[in-house]
Structures are given as C-alpha cells and as structure tokens.
Amino acid sequence: MANLNIARAVQILRETAAPNGQPVVLHEPRFAGAEWEYVKDCLDTGWVSSVGSYVDRFEIELADAFGVRRAVAAVNGTAALHIALMLAGVKAGDEVLVPALTFAATANAVAYCGAIPHFVDSSMETLGLDPDALDAWLTEIAERGEDGPTNRETGRRLAAVVPMHAFGHPMAIDRLLEVSETWGIPVIEDAAESLGSLSNGRPLGGRGKVGITSFNGNKIITTGGGGAILTNDEELGARAKYLTTTAKRPHRWAFWHDELGYNYRLPNLNAALGCAQLQQLPTFLAAKRRLAERYRKAFDRVDGLRFFVEPEGAESNYWLNAVILDDAGQRDDFLAATNDAGLMTRPCWALMCDLPMYEKSPSMPLPVARDIEQRLVNIPSSAALAVETTE
C-alpha cells in the first residue's frame, strides 16, 4: 500500500480539470443547444404544465435512447422508482434487495411502498451490487415458496432486487439476471446515473422487469428535475402512465379516479429542456470519455490512489469520475485539500445500513461496500471540462 502525496495529487487534479486556476464544481449542466428555443416555445404557447407535445416527444426519444419499448416521464427519479416497485408487485411487508452502497433514494422508494430494504454487498470491479455474493447469500437465508422466495429469518417475501449502476459504471447486470431467474426474484433496474452506458453493447435500464432513470440537475442530461420509468412491457408502460397521472380515467370533462394514483407527471416545460439536452447526449458522452482518459493518464503518475475505469465488457458514461485511495486514513485529508484548493470533491455515500432509518433493516455482510465507502472519492466530472467547442 503506497502513501499518497496529497499535494502532488491536488496538483495533478488541478492540471487536468482546471489548468486556468478557476474553482471547479463536481458536476454542472451544460446548455449549448436548443434549450432556450424549446423552453420559450412552451412559454409562448402556454403549454408549461403536465401535458404537451414535448412530454410526448421526450418519452419517445427516451425509449429509443434506452432501447426500450416504453418510457414514461416522471417528476423525478425517486418517484419513478416508487412506481416501478409497485409495477413489479412490491407490497407492504415485503423485503427488497438493494445495494448498501447507493444513493438514499434507492432505499427510500422501497420504504414508500411499506416494504423493507435488505442490503447487499458490492463488487470492487463494478462498484455495483455483486450478483455472486447475492446468490451465495440467498442460498444461506432464503426459502423457496409458491409466491417466490422468503427470508427464513424474518418470514418476509423477497419481492424484488434493485441493482444500481454506481456513477454510470454498469454493474454485472447479465449475471444478476441469471441469479434473478434462478430464484424467481424480479429485477428493477435503477439506471438513474447511467444514461448512455452500455453493458456488452446494450443500453442499461431495460434489462429487468422494469427500470428507471433520473434527470436531476447533476445528471448527464437534465430536465431540471425529472425521471422516467422504462419497460419493454406495453401493459406495464400503460399502467405506469396511468398511475403517474393520478389514476384518472380519460374523459372529455369528467374527473373519475378509480384507484389511488400519484401526481408524478413531468411538466412540459421540463420535457422541453430534456429534448434539447438529449440531442446533445453524444457530445456529452464523448467529452466525458475524453476527460476520463485524461484522468487515467494523469493519475497513473500518482502513487497511493488509482483512477476507477469502466469494468470489462462495459462502456461507461463516466457520469462521476472517481479515484480509490490505497489508505482510507488519507481520504478526509484528500477531501479537505482538494476542496480548499477550489476543486470540489465528494466522498461516496454513507452505507444505507448506517442511516438511522435503516439501521435495523436486514443485511448480508458488507466488506466490499464498506471498503469502497471508506476509500472512494468523486472528482470534478462536468462535460464542459472536456467538450470540444468553437464558442
């Protein structure tokens, strides 16, 4: 294990991300396309709320980008995941397998359903849920039943598994689908961070029963706030649209809602922004890969850390670049030094099992997730840092 020369690492990061010496944020949106034109069109026509041509267009273009039959726009990724869990049949009292190393929204959406998150370890190769570790854990704690497997320790049904592609790096989704089929547990794919990423040449988000994505302001493309439900099942797509639009039955004038629905619709104004952003996705992806390659070469000259590169067989969008320090004891000093230098860096998320609302949730042993949490640092990743422009 090499000791990190923090001053040297800060210098290399400065030279790579901000040679002009200006402060650099972790990730910011870039608006260099038709954003003003499309948003102004909404304002000029008055179509700014929950219906409009840009919503329809955005959903069609999203389905194409993710390689799915249907995309249903939602107000944010968490709302999309809430609906996706419902579509997969998750009910109150069920357990849902989720990575301990994820953003809080993954576990929160499970709790919205009245279900209990059951935490799973990660892979150092992908940063995502480890399918082999999950398979071994299920062999130890699960019993098969008519309605699917149950946790023999709690008696609760294991209703779904929710992999998340951390920082845009594809987890081993094909292997997880094998485990899912073996155990009869549906996969709900949290692709909030992975628009444009590929696993074995295929887009993420549509590989399981249903998936979701996010367009928050810090994502690779943004609608300001927003998300989408992704599926290859037309019936599930239609139900997603119905549930996210307050479960209102279509009628020329009558208001009739025949079950509990949710006002999770994405406004046309936001969808207009998304359409303009989606047109620039190839440019953003190319810029992010250029930046990642610069970081890889630069940090090859630094002992005591390594730049995280996409897993084998994957093509990452490198949404957030990351370095992994050899010594966890140096992480906070590195974070302090970079932020003091005007280079915004952030640690990984706290493990979900450590949060007060989930500390009593079931969990497998988490040695790899804990190791990643203690040593990983995200570094500046905006596409603007490497975009080619004639402006």
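Described below are features of the structure shown in this document.

**Structural notes on the sheet that holds strand E11 (residues 227-231)**
Across a sheet, paired strands are connected by hydrogen bonds in the backbone, their directions being either parallel or antiparallel. Across the sheet, which stays open at both edges, the four strands sit in the order E1-E11-E10-E7 with mixed pairing between neighbours. Every interior strand has two partners, whereas the edge strands, strand E1 (70-74) and strand E7 (188-190), have only one. Strand-to-strand twist of the sheet, defined as the mean angle between neighbouring strand axes without regard to direction, takes the value 20°. Where E7 lies against strand E10 (residues 210-214), three bridges are found, and the strand directions are parallel. Following the sheet pairing, Asp-190 is matched in E10 by Ile-212. Running over the sheet, helix H3 (residues 53-66) touches E1, E10 and E11 and is turned about 125° from E1. Its contacts with the sheet place helix H8 (residues 234-244) against E1 and E11, and it is angled at close to 15° to E1.

**Here's the deal with helix H9 (residues 268-279)**
The terminal C-alpha atoms of H9, which comprises 12 residues, lie 17 Å apart, in line with the 16 Å expected from a rise of 1.5 Å per residue. Burial analysis of H9 places 10 of its 12 residues in the buried class, the great majority of the element. For H9, the set of buried residues is Asn-268, Asn-270, Ala-271, Ala-272, Leu-273, Gly-274, Cys-275, Ala-276, Gln-277 and Leu-278. The elements touched by buried residues of H9 are helix H2 (35-45), H3 and helix H10 (281-299).

**Focus on the pattern of salt bridges**
Under the criterion given, the structure shown has 20 salt bridges. Between Arg-175 and Glu-178 there is a salt bridge whose closest N-O contact spans 3.2 Å. Here Arg-175 pairs with Glu-178, and both are found in helix H7 (residues 173-183), just three residues apart, close to one helical turn. Under the relative-accessibility criterion, Arg-175 is labelled partly exposed at 28%. Given the relative accessible area of 46%, Glu-178 is considered partly exposed. What you see here is one network of salt bridges that share partners, running through Asp-132, Asp-135, Arg-175 and Glu-178.

**Quick notes on the environment of Asp-327**
Inspection of the secondary structure assignment puts Asp-327 in the loop between strand E14 (321-325) and helix H11 (331-340). Through-space distance from the C-alpha of Asp-327 to that of Met-344 is 20 Å; in sequence the pair is 17 residues apart. Within the structure, the side chain of Asp-327 is placed 2.8 Å from the backbone nitrogen of Gly-329, a separation counted as a polar contact.

**Comments concerning the packing of H3 against H9**
Orientation of H3 relative to H9, taken along the N-to-C sense of each, is 40°, at an axis distance of 8 Å. Judged on the interaxial angle alone, H9 and H3 are oblique. Every pair of crossing elements has a handedness; the one defined by H3 and H9 is left-handed. Every residue of H9 that contacts H3 at Ser-53, Tyr-54, Val-55, Arg-57, Phe-58, Glu-61 and Leu-62 is listed here: Asn-268, Ala-271, Ala-272, Gly-274, Cys-275, Leu-278 and Gln-279. Taken together, the residues that form the contact of H3 with H9 break down as eight nonpolar, four polar and two charged.

**A closer look at the pairing of strand E2 (residues 95-99)**
Counted residue by residue, E2 has five buried out of five residues, so it is predominantly covered. In E2, alternate side chains face the same way, and those of Glu-95, Leu-97 and Pro-99 on one face and Val-96 and Val-98 on the other are all buried. Here five bridges tie E2 to strand E3 (residues 116-120), and the two strands are oriented parallel to one another. Directly across from Val-96, in E3, lies its bridge partner Pro-117. Regarding the hand of the β-α-β motif, the stretch spanning E2, helix H5 (residues 104-112) and E3 is right-handed. Two strands pair when backbone bridges link them, and E2 and strand E6 (residues 158-161) are joined in this way by three bridges, in the parallel orientation. Bridge assignment links Val-96 to a residue of E6, and that residue is Ala-160.

What counts and what doesn't
- Residues numbered from 1 in each chain as written.
- Predicted model: local features only at pLDDT ≥ 70, side-chain atom pairs only at ≥ 80, totals over all residues.
- Heavy atoms only, no water.
- Pairing = 2+ DSSP bridges.
- Helix = DSSP H or I, 4+ residues; strand = E, 2+ residues; numbered from the N terminus.
- Axes fitted to C-alpha atoms, helices over the stretch in contact; angles between N-to-C directions.
- Contact = heavy atoms within 4.5 Å.
- Expected span 1.5 Å × (residues − 1).
- Buried < 20%, exposed > 50% of the residue type's maximum accessible area, 1.4 Å probe, protein only.
- Salt bridge = Lys/Arg side-chain N within 4 Å of Asp/Glu carboxyl O.
- Polar contact = N/O pair within 3.5 Å; in protein donor to acceptor, adjacent residues only side chain to side chain.
- Parallel < 35°, antiparallel > 145°, perpendicular 65-115°, else oblique.
- Left-handed = near helix turned anticlockwise from the far one by under 90°.
- Nonpolar A, V, L, I, M, F, W, Y, C, P; charged D, E, K, R; others polar.
- Right-handed = clockwise from strand over helix to strand, strands pointing away.

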